[in-house]
Each structure stands twice: as structure tokens, then as C-alpha cells.
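# Examining the three-dimensional arrangement
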2 protein chains.
Amino acid sequence: MLGAGKSTFMRIERALDFLGEMDIECGIVLKPENIFYLTGFMPTSRAMLLLEGSPLLIVSQMDASLAKKTGIDIKVVKSFKRALKIRYRKVGVEKNVMSLQFYERYLKGKKVADMGFLRKMRMVKDGEEIEHIKKAAEISDAVMGEARSILGGGKTEKECASEIEFLIKTWAEPAFDVIVAVGENSAIPHHRPTKKIVDVNYPVIVDLGARVNGYHTDMTRTFFSDLTGGFGEVYRIVLEAQKAGIKECYEGNSLKNPDIEVRRVLKEYGLEKYFLHSTGHGVGLEIHEPPNIGKRAKGKFEKGMVVTIEPGVYRDFGVRIEDMVLVGKRPKVLTKSRK
Amino acid sequence: MLGAGKSTFMRIERALDFLGEMDIECGIVLKPENIFYLTGFMPTSRAMLLLEGSPLLIVSQMDASLAKKTGIDIKVVKSFKRALKIRYRKVGVEKNVMSLQFYERYLKGKKVADMGFLRKMRMVKDGEEIEHIKKAAEISDAVMGEARSILGGGKTEKECASEIEFLIKTWAEPAFDVIVAVGENSAIPHHRPTKKIVDVNYPVIVDLGARVNGYHTDMTRTFFSDLTGGFGEVYRIVLEAQKAGIKECYEGNSLKNPDIEVRRVLKEYGLEKYFLHSTGHGVGLEIHEPPNIGKRAKGKFEKGMVVTIEPGVYRDFGVRIEDMVLVGKRPKVLTKSRK
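The shown structure was predicted, so the numbers you read here are calculated from the model rather than taken from an experiment. The numbering scheme is per chain: residues are counted from 1 as the chain's sequence reads. Chains carry letters and ligands carry numbers; both start at the beginning, A for chains and 1 for ligands, and go up in the order they are written. Thresholds applied to this predicted model are a pLDDT of at least 70 for local features of residues and 80 or more for the giving and counting of side-chain atom pairs; totals over whole chains, interfaces and linings are not thresholded and use all residues.

## Topic: the relation of the copies chain B and chain A
If you rotate chain B by 180° and push it 0.0 Å along the axis, it lands on chain A with an RMSD of 0.0 Å. The superposition of one copy onto the other is thereby described by a two-fold rotation axis. Relative to the rotation axis, the closest C-alpha in chain B is found at Ser99(B), a distance of 2.2 Å. With an isologous cut-off of 70% or more, the 100% of interface residues of chain B that recur at the interface of chain A puts this contact in the isologous class. To superpose the copies, least squares is applied to the C-alpha atoms of every residue with a pLDDT of at least 70 in both. Note that contacts rest on C-beta atoms placed from the backbone: two residues are in contact if these are within 7 Å.

## Concerning the sheet that holds strand β8 (residues 179–182) of chain A
All names here are of chain A. Pairing between strands is defined by DSSP: at least two bridges between them are needed. Secondary structure elements are defined from DSSP: runs of H or I of at least 4 residues count as helices, runs of E of at least 2 residues count as strands, and each element is numbered from the N terminus. Across the sheet, three strands lie side by side as β8-β9-β12; this open sheet has antiparallel pairing. Each edge of the sheet is formed by a strand with only one pairing partner; in this case those strands are β8 and β12 (219–223). On average, each strand axis in the sheet is inclined to that of its neighbour by 10°, with strand direction left out of account. Taken together, the four bridges between β8 and strand β9 (residues 204–208) define a ladder with antiparallel strand orientation. Looking at the pairing, Val182 lines up with Val204 of β9. As a rule, the C-alpha atoms of each element are fitted with a line to give its axis, helices using only the stretch in contact, and angles between N-to-C directions run from 0 to 180 degrees. The strands touched by helix α7 (residues 127–150) are β9 and β12; relative to β9, the strand with the most contacts, the crossing angle is about 155°. On top of the sheet, helix α8 (residues 157–171) reaches β8 and β9; it is set at about 150° to β8, its chief contact.

## Regarding the domain arrangement of chain A
Residues and elements named next belong to chain A. Start and end points for every domain follow an automatic or database-based domain assignment. Taken domain by domain, chain A consists of domain 1 (6–122) and domain 2 (127–333). Between the C-alpha centres of domain 1 and domain 2 the distance comes to 34 Å. Each partner contributes residues to the interface: domain 1 has seven residues there, and domain 2 has seven residues. At three residues, the largest contribution of residues to the side of domain 1 that touches domain 2 is made by helix α2 (residues 32–39). Following the grouping adopted for this structure description, the nonpolar residues are Ala, Val, Leu, Ile, Met, Phe, Trp, Tyr, Cys and Pro, the charged ones are Asp, Glu, Lys and Arg, and the polar ones are all others, Gly among them. Of the residues contributing to the side of domain 1 that touches domain 2, the split by class is three nonpolar, one polar and three charged.

## What about the packing of helix α1 (residues 6–21) of chain B against helix α2 (residues 32–39) of chain B?
In a pair of packed helices, the angle between the axes and the distance between the axes together describe the arrangement. All names here are of chain B. It is the contact of α1 with α2, at a shortest axis distance of 6 Å, that shows an interaxial angle of 110°. In terms of orientation, α1 and α2 fall into the roughly perpendicular class. Counted together, Thr8, Arg11, Ile12 and Ala15 of α1 and Tyr37, Leu38 and Thr39 of α2 form the full contact between these two elements. An angle below 35 degrees is read as roughly parallel, one above 145 as roughly antiparallel, one from 65 to 115 as roughly perpendicular, and any other as oblique.

## Focus on the interface of chain B and chain A
Contact residues are listed per partner, giving 24 residues for chain B and 24 residues for chain A. Elements with a minimum of two residues in the side of chain B that touches chain A: α5 (100–107) and α8 (157–171) of chain B. Here the side of chain B that touches chain A gets four residues from one element, more than from any other, and that element is α8(B). In terms of residue class, the side of chain B that touches chain A is made up of eleven nonpolar, ten polar and three charged.

## Regarding α2(B)
Residues and elements named next belong to chain B. Of all the eight residues making up α2, six are buried; the element is thus mostly covered by neighbouring parts of the structure. Think of it as a crowd count around each C-beta: if 20 or more other C-beta atoms lie within 10 Å the residue is buried, if 12 or fewer it is exposed, and in between it is partly exposed, with C-beta placed from the backbone throughout. Taken together, the buried positions of α2 are occupied by Asn34, Ile35, Phe36, Tyr37, Leu38 and Thr39. Here the buried face of α2 lies against α1, β1 (26–29), β2 (47–51), β3 (56–59) and α6 (117–123). Two residues or fewer after α2 comes Gly40, characterised by a positive phi angle close to 85°.

Here you go:
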């Protein structure tokens, strides 16, 4: 974990500035990743952060010792209900996180404004965050390098996924449940590994990621022993589409453009209708986070964004190639495994 | 996964009956576990279930093939916004799940009522659910049986946790990240495994669980080679407290009573102040679900509830003993590893 540091204090300062601009005296942060982002403390139980003049972390007894390390004022409570006597008339909330129940119980009748600035802040990674992501990307590459040899030997998808996760754990934590999908299963984007035997005479999709200090990576490769048949052709088209998408990930460009370019290439070969999801997504403290890189994306790329570009074709078999890209004047691909 | 079956159709019928009693024509189910409970389909992407006269599953393209297997009408959409034109003036929602954002975007101005009956239904497990939980409990027992030998050999907490998870995966999925906590780390209830070397001359807490067909188990043992010193004494007290708690898990008894009994025993020995969390929780499609077994619990035990009883003492070292109990005329302990 980050622990409390210069960067977390700076983030809190910025958040308080944003609240000030919105003329709000108190923000209530509930999302664990947002609490971690602002304080370095990842709750393991119920917790909330009050962004006031002097920020306050409200935690249960179980998390008291962890929360103390942040250097932020903490209040250990048995009942959150009693702790949450908000005296302000207008408060900042995470509207996509706070439940109707929470609102009705604790804030009914108050004005609430969305703290959208938290999403904006988290979309653009600072130097410390990029270091964690780079480290996680290196680990993902190392594991992907071993994956090919794990896939042999008549093992099932499940067994291969377990071995890959075990390998990730020697250096980091798995960012999510590893996907190993062979043959027709590769045509299901979010396939869960089964007892099907892995045979590299059919396409095998391996989707994996590592988590370092809370920061995730996400990458996919599709393996197949024979590149001369129809599979090889689809593979080369998806790769061409991916490259076209990656090219668009630069500062100032529209967030829509990678998706437009990826679809343009796939369409050229009549494959666009087999592409079932958006082209990519932001990655950071969550495996999927803003910005979404799809048709309906709004806004522009900013320096420090980290996104995936992951076109796929899902027919009788599937091909997906996914890399993580750091946005700058030029796109920088962080995952470097052979394609 | 369950797949669509007789039990899911019966659950939908019951849910529609509850809605009818509330005079509500349409319920919107968003929580993935609730969608799974009612349909046998576990979304891997955004999805919602409309509980109307003829229930409708709204899913993204990615989940279309999975959702089709339910036998329920499905609608595959690219944009959920357009799909959600609710014509009813009053709708049922999961108030503890639905975000303020969702409410404001899709339901603003409508009357919403909480579908609390979903929590009530899920609290009481039917025969099919109990079978899955029993199977997961057997697997947890088998793994716990091996855990003791995994803890040897100078390995770190992380390495031991990885090996235990790998073992779970040979039969099931891990219900959560396995906890291995040695020495002073055992005093942190939700400790995350570190690089600390495991030494059974100090207490080692192992908290693990398996997931079978979506159903979880949760159990904890505390290992220590020497039961003659202060540790052995604390261990025996926690075990006595646990037994007293388990005894209270019978049909018709107050949900508060296990917590009262556990604390009574701990208090007798002056240890109650070191017990940092509630006595237990329901387990099922979620690792923590209603009912909460604590001071503020309301209501009575019902036949078919499955709960944990897990007293702990967290001082300079920690002791926690956790088992899963099936509620009936008498409590039935489902996890049977030696204590």
C-alpha cells in the first residue's frame, strides 16, 4: 500500500480546492478506491472520508490501526449512523457510488452535488502512480512470457489459469481472475475457465493482469500454433486494428478516435460486426475505470492517462489483443509481450 | 453456474408475488447476485432484470449467449439508457444497491419502493442452495486439513496463502483472498498476507473459503504448536465462546443471542474488549450477506439460514475460530475441521 505520503496529501489539497470552487464545505467519500487514492488507506471494512477543512477518516475498530498510519484525523466508531451527523446543508457525494439507502438514511433533504472531480483526478496518473503501473506491466509481461509454456501438457483451462495466477502471486497480486479460453470458448469475451483441455491447435486467449500497490494492469494475447489458416488472417487483421487504435492515444486527441480507427480497420475486412465490446478503458486503482474508449466517449486524451486498447473478433473462435498505453505527446505501450 | 432451473423460476414467481403484494408492477434488479439468484445467469458486464408480468433480462452483447440459456426473455442492448424507458409510475428497486446517479438518470420523479423481500428470500436457503454450500464446506475442510502442512518450511504468509488458494482451485474457486496471518499479524482481523515468514511457534490464523456454483463458505482456524502457554488459554476461551454462540443458532431464537452468548463468555475471562467485530454473518451468493449476527441484529433465526460464528480475540496476537452453521431445529455445523 501507498501509505500516507506527499502525493496523498497533495491529492486531498486538490480535492478540497475543487470542493471550494463548487462552494461545498464537506464531501463524503465512500468508494474504497477513492479513499485509498486520497489517503493511502484501503478500507477492509466500512469506512468513509469526510473532506472538510480538516479531513476526517471514519472507520470501524477493525481498521483503526491501518487508518492511523495515514496521518489524517481518524474517528473509530461502532455505529456509522451516529457518526454521520452532517451539519452542512449541501454536501459533495459520489453519485455513482452512494446508494439511495445511504442518501435517505443520512442525507435526506440536503442538497447533494456530484464530486466528478475525483474521476477526473484519477483519470490522469501522477508520477508515483505511473511507477506502480509500469512495475505491474513488467510483471504481466514476465508472466505472459511463461504462459505459452504453461498452456502445454493436456491441462484444463482452469488448471492453466490457476498456474498463471500462482505465478503472478510470486511478484504481485492478480489484478482479476485470469482468463484462459480455448477454441469455441475464445469466442466469449468474459469467459470463465472450464475443465476443457487446452489445445494450442485451436486459438487460446490468455487475459491476465497484475496489481502492484493497488494499481492494475490488463493485457491479452491469443496463442495459436498455426498462423497459415483462417486464424492467422483474423489475427493479423486484429493486430492491424490494434495498432491503428494505439496510434490515436495521444494528448489532445479525441477519446473517441481509437474506437473509430479500430472499427474502420475491422470493417475494411468485414469483421466489425464480430467486435462485441468497446475498444478500451482506463486502468488504475480499478481494473475498469474512466475514461471509456468507445463510440460514446467524450473529451480528449490527457498526458498521464493510462488506457487499454483491446480489439477482438468473436466468431466460431475468438481473437483479442490487448495492451496498456500511457498517453503523452505520443502513445507509449507499457505491456511489451510479443504479438 | 445454476443455469435456469425449476428453482429459479419458482424464485421469480415468489418475487412477482411480493411485488404484487406491494402493488408494484415492475421491479428493477441490478445486483449481479440477485440477478443470478433469480435467473441462474451471472452477468459479466452491465445487466439488469425487469421483474414485470413477463420478466425481461437486459444485457450487453457480450453476455447475450450466457443470458439466453436462462429461458427468460432477453433484450440485447448497446445503450442501457435507451432500453430503460420505464412507463410505470412506481417501481421496486434495491435501495442499498441502486446509485443516486442511476435514480436521477432513469427514475427521477418516480416513486421507488425497496424490494427488501429479495434479502429476505436469500437469507433462507432452499435445498439446492444448501447442497452447493455443503459441497463448498467439504472442500474447505479438505483444504484446511492440508493447510497445517503447507504452513511449514520457512515460507512466507503470501506463499502459504498462494498455495492454499491453488489447492482450493483444484476443486472449486476461492471464496475470497485467503488470509494467513502469523504472530502479531494475527491480531489484525482482515490482515493481508505479507512476506513475513510463517513460524508455527507463533499463532497462525488461516481464514479460507471455497465457492461452488456461486455459493461461498468461510472458515477460520488458528494454529499454534504450543498449547500450554498463554496462547492455549486464550484459544480454549475463544473455543468455549464459539460453542456457546453456535448453540444459539436455532429456529425461532433471536438473531442477537449468539453475539450475547459469545460476549458473555469472553467477558467472564476479561477478553471481551479484544473482540473487534460482530460474531457472524450470513453466507451464500455473497461472502458477507444478511443476517448480521451482532448486537444490533433484528429478527429471529429461520430454518435454512446459513451463518458464520466467528469469535476472535485480538491482542498482541490473535485467535479466531470460525465455522458455518446451518439453522434448523438444532444448529448444524457444516465445517468440520478439527479445532
